[in-house]
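# Remarks on the overall topology
Spelled out from the first residue to the last, the chains are:
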Amino acid sequence: MADLADMQVVDKGLEKAVAGLSEERIQEVIGSVLSQAVAGRLKLYLQTCVHCGLCAEACHTYVSRDKDPDFAPVAKVKDTLAVMLKKKGRVDAEFMKNAARVAFVECGGCRRCSMYCPFGIDIATMIMTVRRICSLLGVVPQYIQDTTNSHSATSNQMWVQPDDWIDTLIWQEEDAQLELPGLRIPLDKEGADVLYSVIAPEPKVMAQLIANMAVVMNVAGIDWTMSSADGWDNSNMAMFSGDLEIMGRIERVHWERALELRVKRMVMGECGHAYRGAVYDGPKWLGWQGPPLPMIHAVELYYDILREGRIEIVDKLTEPVTIQDPCNIVRGSGLHEKLRYVVAALCDNVVEMSPNHEHNYCCAAGGGVINCGPPWKLSRLKSIKVKAQQLGRTGASLCITPCHNCHHGIEDIIGHYQLHMRTSFILELLVKQMKMPEGVRG
Amino acid sequence: MTRSASWSWETGSRTLADLGELRAVHREVHEPAVSPDGERLGVVVVRGDGAFAVAENGELWEPELERAWHLRYTPDGRLTALVRIDDMWTVAVDGEPWQRRFPFVWNTGFSADGRVIAAQVKEGMEYTLCVDGQLWDRSFLSLRSYALSADGRRAAALVQVEELAEADTEKFAQGTWSVAVDGEPWEQRFIGLWSPAISPDGEMVAVQARTDRFEYTIAVNGVPWESRFACVWEPSFRPGGAGPLAPARVGSTWRLMEEGEQLWATSFVQLWHLRFSPAGERAAAVVAPEWGRFTVAVDDRPWGCTFGDAVLPPVFSPDGKRVAATVGHRRRWTVAVDGQVWEESFDMAWMPVLGPGRGPVLAKVQRGGEYGLAVDGRLLSQRYELLWDPVLSPEGDKVLLRGVQGGKYVRRVVPTGELR
Amino acid sequence: MYDFVRGPLVWIALLVFVSGLLLRLVWMVKTVRRDPTVLPAMTLRHSLRSIAHWLIPFGSRSMRTRPFFSAMSYAFHLCLLLLPVTVMAHSVEWQQSWGIRWWSLPPRVADGMTLLVILAGVLFLLRRVMSAEVRNVNTPLDLLILLIVLGPFATGFLAYHQWVDYQTIIVLHIVSGALWLITIPFTWLQHMFMFFFSRAFMGSEFGAVRNARDW
Ligand code: HEM
Ligand code: SF4
Ligand code: SF4
């Protein structure tokens, strides 16, 4: 049984769009998407699926919703893409609205189910294809559409005006100088080793993270720069809203900024989906087999500079700490061991969630789900009870979340399920617990 | 006459600035900029008392600055900086701040001849453009990028002209953006606009226009091309040509379009960075003949060699006969000239520099954290802490080298034949 | 009747099976080659790594989380694949028709294995009907396919014990076997070969592209 409360959610983006949707148009769009090259692989999957339901237990939404069969990964495909294929696109607007809810809110494309299906069937890609169809038809939840609009208009996710961005950098540099005199955030420095990029919510609401990273970069002696021009934002909600043209456009801006500045590699802050967009989905659409320059996730950067002794930890947390493995950098890039190396350097008492590493449960915020906004918040939180239980069992008082979506998602979980816990990025711990150069801090 | 003809091409070297000395005196010395003729080096310094200043060839600019950044030389050799004085921002040119001060000003841009300087401005809560110290009459909800005509007499900018409430996706889809030319916006509204370009004669303004959620085209002076595409990239004007050219996506491949009609016969997996020979008779672009492989196509003919990481915008020789580009493959960078890849590769390579005729191809490169000059694929032994792109004399017989060695900025002119 | 099913029917079934399989493969290769991003992402090492982990009993966490089902599935597949080629009666056929000498299972073992297949099959069937998440994605056709899979084993079992008229049951056995072969390329039973390709792709996609494990 799909959740009645979810079915009654009013999302302006969906309501308005389906009101004006003709069945001819739906059929035309589905037909064109399903005749494209990528769709072939999906058809093969559908023919291979033995309908065994073994993927069900893999999905946090299914487990969290008391094993509601409609939340099994295979069911989500059965209710959306499979019908579109079988009916050759002859579905109505109500069907599309329902498909949009399933595809945008009930699946975050975390790919966990692919690790539990004996055939490795790529449910996430099928769901993303449904999103693509929805997007072409304009049937997209209002809030994630708005972030996509922002990407379209501004190249960043949060309508950040160029002057606000630059001003924030200057202000964060001045702030960080109080911590570390002489510190700099070099802007647009050609030939630097590293271009550091962030997601737009940082300048918007968490600007201190930029100052924190500046401290780390300066202490570690990294030859780095940030871009004052567009391309500074690595986030990409268009990838999740199904607007592949905007997805590709902003990844192009992002990578070309790095190439223009002739840096050797890009380092990005603690974000998972941005990693995925910059390393896989974006380049792929643009014709690159991989990113044109190496992309180093913050976790890898911390790992490298800790291992090389470029920064030193002088203070360790003793409270029980647990670690959220972000899907996009763990299942998506195998960074779990490096993540643990970094956390072990900072915390004495790590209590693991179970299961973890590649088998972690998603936070239910990623994949664009949290970006569907307030109308869907309750639904999202119902879909992630299992994470609340996992977190609760650790007895930890701190959950380390090296991803913006995880961070925000787990904060919501903590609030909703009243856990006694807080979240933190690694960076926030790092700046507090690392050794500052002589005479800087008492 | 090429501007560089008036520069000093006397062979020999001159030390013009000493960064080491500046570092000894000042608390901070930022990244320097060098004038096109190599005669001057400007750099932002932070003095002991925390005040910012700009030092040019060691001499400090007069005014006290709370902050200075974004040092850029105009093509005609004037030094510009974005500066904050009394909590307000402005542009300073050769040490003279503009009269007008703004809550914020950024992204200085110059006409090709360097005579006109423009910058984006925030005034009150609105945005506008400032051209040579003069604000446009109108200001806008947002202004995101702009272009100047070659002579600087015309300016076009992408502007948001309709209010947009938070998360108002419906209004957004109706179009909230327009192009303002010399401050006057087009009547037409678009969902999205990118990369304005002005024709060489200054008569046409072309932009990438998003006409519907999934419909793109090129708009010229407010009028969209008739054909619509799945996506488009930046339009550009052929010297001596008529309307703009732009890559457009049809299905899942890219084609080169001229005024809405397909120009090159081939479709590519990717096609971007269209460039023209100086006289306009040839065109080159970065293309991907197959997924994951990039190269340069000249007049629809791709080079035989392809590269996995990236091919950067191609560049023609002054006579239009040769084409070169920076290429990246397996995390190494080098240069390819007319489809021939240099033997040596580097940590990074800059835009190749070509002279007329069959002269050598030069490029600034980076290896092991140091800069050097590569000539026809061979890295010369000289190393630099900092190096700017080499400049060939109009006849191509001499090279101007601008680099910092041992903390000292040295301007050198070397006969091309003596490059070793 | 017996002659027809023993002769032409078996041949027809084999022909349909082989050509259906080939058709599937050709279509798959075509499909995959249309999408230029698939093949460059694949590596032999990661393909084999993934296939191995999912063939070795309990080589994946997925299998370890449901030991009973996995054990059943192994027993089911092992017996199901072994029996047709190693049952004594089949071996005799092999020898009579082709002159091929073949190792064969002791009849009692084969009998036990047949029972196991049937038992597992019935459990699978029950699971498909009783378990909400499985029932939700199963149509009558899925159950029918399962029954078709069990057909040759049920009839073979009856034939061996000769509880019912042997002539009738042997005809039914061969017919159900033919049905078995014919069904494979055109239903999800094609997983018997698609398994290797879908695992190879996912194994590479996880391993080579994303530096992670998929088991
Ligand atoms: C090398 C060949 C084969 C491989 C690798 C293979 C693999 C699999 C796998 C991985 C599953 C998934 C669920 C589970 O573990 O039970 C499965 C299910 C199944 N397979 Fe196979 N299979 C093969 C051949 C066959 C053949 C020849 C048949 C019968 C014609 C068959 C019939 C079934 C059935 C009926 C199921 C469904 C079990 C259920 O109801 O959950 N398989 N197979
Ligand atoms: S949310 Fe994750 S586990 Fe659930 S269906 Fe989507 S990709 Fe699969
Ligand atoms: S586990 Fe795989 S084969 Fe089984 S139902 Fe799920 S997707 Fe289909």
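Figured I'd write up the structure that's included with this text. Only a predicted model underlies this, so the values are computations on that prediction, with no experimental measurement involved. (Residues numbered from 1 in each chain as written. Chains lettered and ligands numbered in written order. Predicted model: local features only at pLDDT ≥ 70, side-chain atom pairs only at ≥ 80, totals over all residues. Heavy atoms only, no water.)

### Overview of helix α6 (residues 107-130) of chain C
Residues and elements named next belong to chain C. Note the cut-off: Strands are runs of DSSP state E lasting at least 2 residues, helices are runs of H or I lasting at least 4, and numbering of each runs from the N terminus. Expected span, for any helix, means 1.5 Å times one less than how many residues it has. Note on exposure labels: buried denotes an accessible area under 20% of the residue type's maximum, exposed denotes more than 50%, and partly exposed covers the range between, all computed with a 1.4 Å probe on protein chains only. The contact definition used throughout considers only heavy atoms, calling two residues in contact when any of these lie within 4.5 Å.
For α6, which comprises 24 residues, the first-to-last C-alpha distance of 34 Å matches the rise-based estimate of 34 Å (1.5 Å per residue) to within 8%. Every buried residue belonging to α6 is among Ala 110, Asp 111, Met 113, Thr 114, Val 117, Ile 118, Ala 120, Gly 121, Phe 124, Arg 127 and Arg 128, and all of these are buried. Considering only its buried residues, α6 is in contact with α4 (67-86), α7 (132-135) and α8 (140-161).

### Details of the packing of helix α2 (residues 12-19) of chain A against helix α8 (residues 93-105) of chain A
Residue and element names in this part refer to chain A. The test is simple: Under this scheme, a helix contributes an axis fitted over its contacting stretch, all axes are lines through C-alpha atoms, and angles between N-to-C directions fall in the 0 to 180 degree range. Between 65 and 115 degrees an angle is taken as roughly perpendicular, under 35 as roughly parallel, over 145 as roughly antiparallel, and anywhere else as oblique. Here is the rule for handedness: rotate from the far helix to the near one, and if that takes an anticlockwise turn smaller than a right angle the crossing is left-handed, while a clockwise turn gives right-handed. Classification convention: Asp, Glu, Lys, Arg as charged; Ala, Val, Leu, Ile, Met, Phe, Trp, Tyr, Cys, Pro as nonpolar; all other residues, Gly among them, as polar.
In the contact formed by α2 and α8, the axes pass within 9 Å of each other and the chain directions differ by 160°. With respect to their mutual orientation, α2 and α8 come out roughly antiparallel. Helix-helix and strand crossings are classified by hand; for α2 and α8 the assignment is right-handed. Where α2 abuts α8, its residues Leu 14, Glu 15 and Val 18 lie against Ala 93, Lys 97 and Ala 100. Tallied by class, residues from the contact of α2 with α8 come to four nonpolar, no polar and two charged.

### Side note on the nonpolar core
Residue and element names in this part refer to chain A. For clarity, the threshold we go by: For the purposes of this section, nonpolar cores are sets of buried Ala, Val, Leu, Ile, Met, Phe, Trp, Tyr and Cys residues that join through side-chain atoms within 4.5 Å.
Counting residues in each nonpolar core, the largest one holds 304 residues, and the members touching the most others are Met 96, Ile 133 and Met 226. Per element, the largest residue contribution to this core is ten residues, and it comes from helix α13 (residues 208-220). Setting aside anything within four residues of it in sequence, one finds Met 96 in contact with Leu 21, Ile 26, Ile 30, Met 84, Val 91, Ile 133, Cys 134, Leu 137 and Val 139. The next biggest cluster of nonpolar side chains, apart from the first, holds 23 residues, and it includes Tyr 361, Ala 364, Leu 391 and Ile 414.

### A word on the interface of chain A and chain B
Rules: Two parts placed together each lose some accessible area under a 1.4 Å probe, and adding up what both lose gives the buried area. Salt-bridge detection follows one rule: a side-chain nitrogen of Lys or Arg within 4 Å of a carboxyl oxygen of Asp or Glu. What qualifies as a polar contact is a pair of N or O atoms within 3.5 Å, subject to a donor-acceptor requirement within protein and to the restriction that residues adjacent in sequence count only when both atoms come from side chains.
On the side of chain B, 61 residues touch chain A, which itself brings 58 residues to the contact. For the pair chain A and chain B, the summed buried surface comes to about 5,000 Å²; carbon and sulfur atoms form 52% of the total. On the chain A side of the interface with chain B, the three residues burying the most area are Arg 249, Arg 252 and Arg 262 of chain A, jointly 15% of the side's total. The salt bridge involving Lys 122 of chain B is made with Asp 163 of chain A; its shortest N-O contact spans 3.1 Å. Counting across the interface, chain A meets chain B through 34 residue pairs in polar contact (both at pLDDT 80 or more). When residues of the side of chain A that touches chain B are traced back to their parent elements, those giving at least two are α9 (123-136), α10 (142-154), α11 (162-179), α15 (244-260) and α16 (273-286) of chain A. In the side of chain A that touches chain B, the residues fall into 21 nonpolar, 16 polar and 21 charged.

### Quick look at a nonpolar patch on the surface
Residues and elements named next belong to chain C. Here is the rule we go by: Candidates for patches are residues over 30% relative accessible area with no salt bridge; among them, like charges are joined within 9 Å and nonpolar side chains (Val, Leu, Ile, Met, Phe, Trp, Tyr) within 5 Å. Residue burial considers only the protein chains on display, and all accessible areas are found by Shrake-Rupley using a 1.4 Å probe.
Together, Phe 68, Leu 116, Leu 119, Val 122, Leu 123, Leu 126, Val 129 and Met 130 make up a nonpolar patch on the protein surface, roughly 720 Å² of accessible area in all. Sort the elements by how many residues they give to the nonpolar patch and α6 lands first, with seven residues. Tracing the chain through its elements places Leu 123 in helix α6. Overall, the relative accessible area of 33% leaves Leu 123 in the partly exposed class.

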